[in-house]
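Spelled out, the chains give:
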Amino acid sequence: MCDTFCVRRPDGMLFAKNSDRPVDEAQIVEWLAPRPAARGGSVRATHLAVPDVGAAGSLGSRPTWMWGVEHGVNEHGVAIGNEKVWTVDDPRSVPPALLGMDLVRLGLERGSRADDALDAVTSLLADHGQGGSGEEDHDEPYWSSFLIVDGDGGWVLETSNRSWVARPVGEGAAISNRLTIGTDWSRSSSDVPAGADWDGWRDPAAPTGLADHRLAATRACVGRGPVVTAADAVATLRDHGTGPWGAPGVGGPGGAPPPPPVDVGDDWSGVTVCMHVRDYQCTTASMVADLPAGAAGGSGAGGSAPIRVWASVGGPCTGVFLPVGLPVVPEVLGDAGAWAAFSALGRGVEVLDGSAGEALARIRAVLDPIEDAAWSEGDDLWSAGAGPDRWRTAATGWSAAVRAALRSLAPGGA
């Protein structure tokens, strides 16, 4: 389960995603270097190999056991994230093929614009199909929907087996774990009749309430329009069902962050954007990207505005969003051990004895100053057009500060 949204701003598009996965599944953020095409060669995805046509460099957030990525941004300023969806087609009826996460990575590798990435994903879907388990420890195949955007626009793509429809994002869009397209699509696979209502592919036995509360939260952020900032997107990714962090009326005395819900209601309330479904799934990584208009098709360097990315591992409520100056990634984000430490913080605020709010406040008191300082320094680096060496120096400092904080917050820490 996941949540992904985008919103058009005066100078580009803002993209954001929470990746919700099994609670003990580590996820890392890494730079995937560009790769030239290999004549007659292939690249091995999670369950099968596909022809290798080369790859753009990209930043990807990847569960450590799989080849694909949950979300990412490439060097051209294209961002993609995916969602698990339920349809009338049975994903257990097809052999292992491409995972939704493989398609995210392949779309980033092959798309210099959102349109190109859409074409790449749908062509791969037609040629190879999707299928196979999306989880390591038990058989869990599923279909995916995707948000594919660049600084000038993009697409919502929803699939069922090899069938698909797509609609432009317009001024913004949000997707979650349900189909959201009806008759408002403008592109489709050849087997979808003209004018068909895509909602007819939705599995009537799958409750939409699982996603509807979260969609309401992310759509509210999108609905604010061009005033939405990267910080606003992060506040929405941290939503525990009471609203984005920092909004009026959200949180406790003194602006203390609201703790996660205690349980899941009959109407699926309690399954929140910042997810804490105990012993089942939680948010394991997050990303926000500010994609400048006109950067798609280029490198985002030179005369264009920079591609600004902030990434976090573990739950967003107990994590730190660090700036990423492509291609330099703070090394703490790529360390599965650091992910485990952040995950432990997340489990520590899921207590049911009434102390969750105090625990979360203690964690944020340590992590917020690190995050604030990193954002300020990152803004300065982007504004100055800083090169990789300056970014590496800053990222090394942020990683050291985060590691010291994790040690101090661990049980028995200093």
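Residues numbered from 1 in each chain as written. Predicted model: local features only at pLDDT ≥ 70, side-chain atom pairs only at ≥ 80, totals over all residues. Heavy atoms only, no water.

Student: Would you take a moment to explain the confidence of the model for the protein for this structure?
Tutor: Close inspection of predicted coordinates is inappropriate for parts of the model with low pLDDT. When pLDDT is averaged across the protein, the result is 95; 98% of the residues are at 70 or more. Here residues 299–303 scores under 50 on pLDDT; set against residues more than four positions off or in separate chains, the count is eight contacts. (pLDDT = per-residue confidence, 0-100. Contact = heavy atoms within 4.5 Å.)

Student: Honestly, the pattern of salt bridges in this entry has me stumped. Any pointers?
Tutor: Any two side chains of opposite charge can pair, given that their charged atoms come close. For the structure shown, the criterion picks out 25 salt bridges. Asp199 is paired through a salt bridge with Arg202; the nearest N and O atoms lie 3.0 Å apart. Classification of Asp199 by relative accessible area gives partly exposed; the value is 26%. Measuring nitrogen to oxygen at the nearest pair gives 2.8 Å for the salt bridge that ties Glu371 to Arg238. Highlighted residues: Glu371 in helix 6 (residues 356–384) and Arg238 in the loop between helix 4 (230–237) and strand 14 (276–277), separated in sequence by 133 residues. Accessibility assignment for this pair places Glu371 and Arg238 in one class, buried. Each of the salt bridges in this network shares a partner with another, and the network as a whole consists of Lys17, Arg21, Glu25 and Glu70. (Salt bridge = Lys/Arg side-chain N within 4 Å of Asp/Glu carboxyl O. Buried < 20%, exposed > 50% of the residue type's maximum accessible area, 1.4 Å probe, protein only. Helix = DSSP H or I, 4+ residues; strand = E, 2+ residues; numbered from the N terminus.)

Student: Is there a simple way to explain the pairing of strand 6 (residues 58–63) in this structure?
Tutor: In summary, the side chains of a regular strand alternate between the two faces of the sheet. Counted residue by residue, strand 6 has six buried out of six residues, so it is predominantly covered. Burial along strand 6 is two-sided: the residues Ser58, Gly60 and Arg62 and Leu59, Ser61 and Pro63 are all buried. Taken together, the six bridges between strand 3 (residues 27–32) and strand 6 define a ladder with antiparallel strand orientation. In the strand pairing of strand 6, Trp31 is matched with Leu59. Relative to strand 7 (residues 71–74), strand 6 runs antiparallel, the two sharing four bridges. By the bridge assignment, Leu59 is partnered in strand 7 with Val73. (Pairing = 2+ DSSP bridges.)

Student: It is not clear to me how the side chain of Arg167 should be interpreted in this structure. Could you clarify?
Tutor: When you line up the elements, Arg167 lands in strand 11 (residues 163–168). A distance of 3.5 Å separates the side chain of Arg167 from the side chain of Asp184, its partner in a polar contact. (Polar contact = N/O pair within 3.5 Å; in protein donor to acceptor, adjacent residues only side chain to side chain.)

Student: What exactly am I supposed to notice about helix 2 (residues 114–128) here?
Tutor: Every α-helix winds through 3.6 residues per turn, so residues three or four apart in the chain are directed the same way. With 15 residues, helix 2 should cover 21 Å at 1.5 Å per step; its first-to-last C-alpha distance of 21 Å lies within 8% of that length. Of the residues making up helix 2, those classed as buried are Ala114, Ala117, Leu118, Ala120, Val121, Thr122, Leu124 and Leu125. Looking at the buried positions of helix 2, the neighbouring elements they touch are strand 8 (79–85), helix 1 (100–110), strand 9 (143–150), strand 10 (153–160), strand 11 and strand 13 (187–188). Once helix 2 finishes, Gly129 follows within two positions and takes phi at roughly 75°, a positive value. (Expected span 1.5 Å × (residues − 1).)

Student: Looking at this model, I keep getting lost on unusual backbone geometry. Mind explaining?
Tutor: Where the residue is not glycine, phi is negative for most of them; where a peptide bond is considered, it is trans in most cases. Here the bond from Leu326 into Pro327 is cis, since omega is 5°, no more than 30 degrees from zero. Phi at Asn161 takes a positive value of approximately 60°, unusual for a residue other than glycine. With phi around 75°, Trp268 is a residue other than glycine that occupies positive phi space.

Student: What is the right way to look at the state of the cysteines in this model?
Tutor: Cysteine pairs can be covalently joined through their sulfur atoms, and such a bond is termed a disulfide. Here the structure, examined in full by the defined rule, presents zero disulfides. With no disulfide of its own, Cys221 lies closest to Cys6 among cysteine sulfurs, the gap being 11 Å. Among the residues examined, Cys221 registers a relative accessible area of 3% and is labelled buried. In this structure Cys317 is a free cysteine whose sulfur lies 3.8 Å from that of Cys274, the closest cysteine sulfur available. (Disulfide = S-S within 2.5 Å.)

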